[in-house]
Amino acid sequence: MALISDSSKQSLIPSFLYSSSAKSFSLDRLLNANTTTNSAFADAPAAVSSPSIKSRSFMIPSPNEPGKKIEMYSAEFYAACTFGGILSCGLTHMAVTPLDLVKCNMQIDPAKYKSISSGFGVLLKEQGVRGFFRGWVPTLLGYSAQGACKFGFYEFFKKYYSDLVGPEYFAKYKTLIYLAGSASAEVIADVALCPFEAVKVRVQTQPGFARGMSDGFPKFVKSEGVSGLYKGIVPLWGRQIPYTMMKFASFETIVEMIYKYGIPTPKDQCSKSLQLGVSFAGGYVAGVFCAIVSHPADNLVSFLNNAKGATVGDAVKKLGLWGLFTRGLPLRIVMIGTLTGAQWGIYDAFKVFVGLPTTGGAPAVAPAPAPAELAKA
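Residues numbered from 1 in each chain as written. Predicted model: local features only at pLDDT ≥ 70, side-chain atom pairs only at ≥ 80, totals over all residues. Heavy atoms only, no water.

## Things to note about the packing of helix H3 (residues 75-95) against helix H6 (residues 136-205)
Convention followed: Lines are fitted to the C-alpha atoms to define the axes, a helix being fitted only along its stretch in contact, and any angle between axes, read from their N-to-C directions, falls within 0 to 180 degrees. A run of DSSP states H or I qualifies as a helix once it reaches four residues; a run of E qualifies as a strand once it reaches two. Both are numbered from the N-terminal end. Helix crossings are classified by the rotation of the near helix relative to the far one: an anticlockwise turn of less than a right angle makes the crossing left-handed, while a clockwise turn makes it right-handed. What makes two residues a contact is simply this: any of their non-hydrogen atoms within 4.5 Å. Here the nonpolar group is Ala, Val, Leu, Ile, Met, Phe, Trp, Tyr, Cys and Pro; Asp, Glu, Lys and Arg are the charged ones; every other residue, Gly included, is treated as polar.
Interaxial distance between H3 and H6 falls to 7 Å at its minimum, and their mutual angle equals 145 degrees. For the crossing formed where H3 meets H6, the hand is right-handed. On the side of H3, the interface is formed by Phe77, Tyr78, Cys81, Thr82, Gly85, Ile86, Ser88, Cys89, Gly90, Leu91, His93 and Met94, while H6 contributes Trp136, Thr139, Leu140, Tyr143, Ser144, Gly147, Ala148, Phe151, Gly152, Glu155, Phe156 and Lys159. A breakdown of the residues in the contact of H3 with H6 according to their chemical character gives 13 nonpolar, nine polar and two charged.

## Description of the packing of aromatic side chains
The geometry of two aromatic rings is summed up by the distance between their centres and the angle between their planes. Which entries qualify depends on this criterion: Put simply, two rings from Phe, Tyr or Trp (the six-membered ring, in Trp's case) pair if the centres are within 6.5 Å, and we call them stacked under 30 degrees between planes, edge-to-face over 60, tilted for the rest. Exposed residues in this analysis have more than 50% of their type's maximum accessible area, buried residues have under 20%, and partly exposed residues fall in between, with area computed by a 1.4 Å probe over protein chains only. Charge-over-ring contacts are defined here by two conditions on Lys NZ or Arg CZ: a distance within 6 Å of the ring centre and an angle within 35 degrees of the ring normal.
Scanning all chains against the criterion turns up 20 aromatic pairs. Here the aromatic rings of Phe156 and Phe157 are separated by 5.2 Å at their centres, their planes lie at 70 degrees, and the arrangement is edge-to-face. For Phe157, a relative accessible area of 14% gives the class buried. Their ring planes at 75 degrees and their centres at 5.1 Å tell us that Phe248 and Trp344 sit as a pair that is edge-to-face. On the criterion of sequence distance, the pair formed by Phe248 in helix H8 (residues 233-262) and Trp344 in helix H11 (residues 329-353) is long-range, its members being 96 residues apart. When sorted by exposure, Phe248 lands in the same class as Trp344, which is buried. Chaining the aromatic ring pairs together yields one cluster made of Tyr73, Phe77, Tyr78, Phe153, Phe156, Phe157, Tyr160 and Tyr161. Sitting above the plane of the Tyr169 ring, Lys172 keeps its charged end 5.8 Å from the centroid.

## Points about unusual backbone geometry
Its identity as a non-glycine residue notwithstanding, Tyr73 has a phi of 65 degrees, on the positive side. With respect to the helices and strands, Tyr73 occurs in the loop between helix H2 (44-49) and H3. Using a relative accessible area of 13% as the deciding quantity, one classes Tyr73 as buried.

What follows is the structure, encoded as structure tokens:
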């Protein structure tokens with residue numbers, strides 16, 4: 001499978017990062033700008049514009065110019081999806097740091113943090129307003145890295161597995177393709193997230209341990225060793241892989257159902273604002289399912305990263321099975337539902353900005369080549 005087309009080899013970075021909104025111009029057009037009176041060069045512009053001759057540009061055209069779009073499944077496409085993942089995950093997780101902080105403390109010390117309202121009250125009294133944003137740096141860095149891998153590799157694996165089974169089987173088993181692609185992507189994403197998550201939980205649940213990432217990271221490594229940064233990788237996989245499988249597969253299914261049963265107009269005829277609204281709504285509903293499925297493992301991650309030398313058995317013994325499934329769940333449903341809806345909204349808004357279609361509600365893979373095209377190849 002050729003993931004990188006000839007037209008996309010020029011750049012692995014989304015063109016919006018370094019192009020202006022002005023119209024692009026080619027080298028040939030620039031060199032011939034002052035030679036239009038010369039009959040020998042009179043036909044040069046026509047030659048340049050000929051479809052059989054490709055000209056190189058000094059400036060990469062802005063992706064939102066009419067007719068200037070990123071080629072699907074090219075290197076530039078995957079780079080754009082990766083950057084969109086950074087924005088969607090990093091910014092949203094940082095924005096809900098206060099909720100995450102209360103949630104983690106409710107999981108670690110339920111006697112002190114008895115409810116959502118009392119939890120915020122305790123934090124405000126003991127740490128002030130600044131305490132609500134404790135650990136925001138490892139949160140931003142960790143979930144930016146995770147989002148880059150999660151969305152970028154999901155798009156890659158979704159296409160890769162679709163090509164393996166072919167269009168016919170993809171149409172029959174597309175939900176399995178979504179599940180397999182998201183699970184594969186999350187395995188990689190959690191390796192990037194785990195060290196930051198370990199430091200974040202320690203900073204948020206142990207006041208006085210460190211101010212943030214800059215002093216918390218070396219202090220954690222000195223105390224636990226480098227291997228300690230990955231002590232919670234298995235529970236993290238246990239939390240994030242089911243979460244991400246539910247996040248992507250349910251989102252794709254929900255969005256498809258919305259366009260099929262809730263909106264009489266085909267997706268490609270809907271306005272971009274309506275499509276982004278569908279992305280947010282589908283993401284929010286998917287987030288509720290995500291929170292329920294991944295919550296027991298989330299409790300384990302918080303417990304293991306807070307207590308030195310703690311094991312899964314210790315967590316189950318202290319929290320109990322009921323507490324493992326329910327402690328902090330209402331707050332997490334609100335947090336993850338909002339978070340997931342916002343993530344899909346930001347991600348698809350970014351895709352629209354660079355000239356790509358929104359996710360879901362349409363075939364996820366390129367159509368199979370026609371027999372005539374195969375014969376030519």
